[in-house]
Amino acid sequence: MRQLIGTSWVAVALWGMITSLAVAEPPKRVGPNGFLLWESPREVSEISFEAGDGTPLTLTTFGGKLILLNIWATWCGPCREEMPTLDALQAELGGTDIEVVALSIDRKGIEVVNEFYQEVGIEHLAPYVDPTGMASANLSAVGIPTTLLLDRQGREIGRLVGEAEWDTPEMIDFLAETIETTQEDAP
């Protein structure tokens, strides 16, 4: 009975996240792989996580940059497949304008993330982890991988739920154009 009640609460929480996304305004534009760009920026809950060396971080650490925040885990098959493409995207576009932040929600901590990075040959992404898993709940990520595009003020301007090939010419052009557009909109 206790397990059934716990399952019901999970279902209610998921339904709440789904409906909060569903009643929001429609996207301004749909990009590659169904990447949704919102008509206007959305506020984002503050989240806490750790760098590879254990340093506590928040999204404000990356202030002034666009952030492509990918929520993933080493035990997620689609996440594992897309990580090399996120690494290639960081190598291609990462720098002063945009940072790809791959945030693992592995409860086993940074060790499993570092092992995965070595196993797959991830070279351009810094390892980050939220072992509590609260980041995905606070950001209304209904599944993983989920990727949010945050503007220079830390507001969500786009979202993609599910796996993507981040290093395709179409995706790189889409993100480069979005970077350019947000530079024009910057205060």
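This one's a predicted model, so the numbers in the text were calculated from it and none came from an experiment.

Comments concerning the state of the cysteines
Under the defined criterion, the tally for this structure stands at one disulfide. Between Cys 76 and Cys 79 runs a disulfide, and the two sulfur atoms are separated by 2.4 Å. Here Cys 76 and Cys 79 share a disulfide; its torsion about the S-S bond, 75 degrees, makes the bridge right-handed. Looking at Cys 76, the relative accessible area reads 6%, which means it is buried.

Examining helix H3 (residues 110-120)
Looking only at H3, the buried set comprises Ile 110, Val 112, Val 113, Phe 116 and Tyr 117. In an axial view of H3, the angular spread of the buried residues amounts to 160 degrees, which keeps them on one side of the axis. With respect to the buried face of H3, the exposed residues turned more than 90 degrees away are Glu 115, Gln 118 and Glu 119. Contacts made by the buried residues of H3 are with strand E5 (66-72), helix H2 (77-93), strand E6 (98-104) and strand E7 (128-129). Of the residues flanking the end of H3, it is Gly 121, one or two places downstream, whose phi is positive at about 85 degrees.

Regarding the nonpolar core
Formed by 50 residues in total, the largest nonpolar core has its most connected members in Leu 68, Met 83, Tyr 117, Leu 149 and Trp 166. Of the residues forming this core, the biggest block, six residues, is contributed by E5. Excluding residues within four positions of it along the chain, Leu 68 makes contact with Phe 35, Leu 86, Leu 89, Ile 98, Glu 99, Val 100, Val 101, Thr 147, Leu 148, Leu 149, Trp 166 and Leu 175.

Some details on the pairing of strand E9 (residues 156-161)
Buried residues dominate E9, accounting for five of its six residues. Taken together, the three bridges between strand E2 (residues 36-42) and E9 define a ladder with antiparallel strand orientation. Counterpart to Arg 42 in the pairing with E9 is Glu 156. With five bridges joining them, strand E8 (residues 146-150) and E9 adopt antiparallel strand pairing. Residue pairing for E9: Leu 148 is matched across the bridge by Arg 159. Counting the residues in the hairpin turn of E8 and E9 gives five residues, including Gly 154, whose phi is positive at 80 degrees.

Rules behind the numbers
Residues numbered from 1 in each chain as written. Predicted model: local features only at pLDDT ≥ 70, side-chain atom pairs only at ≥ 80, totals over all residues. Heavy atoms only, no water. Disulfide = S-S within 2.5 Å. Buried < 20%, exposed > 50% of the residue type's maximum accessible area, 1.4 Å probe, protein only. Helix = DSSP H or I, 4+ residues; strand = E, 2+ residues; numbered from the N terminus. Arc of directions from axis to C-beta. Contact = heavy atoms within 4.5 Å. Core = buried A, V, L, I, M, F, W, Y, C linked by side-chain atoms within 4.5 Å. Pairing = 2+ DSSP bridges.

In short, shape yes, function no, at least from these values alone.
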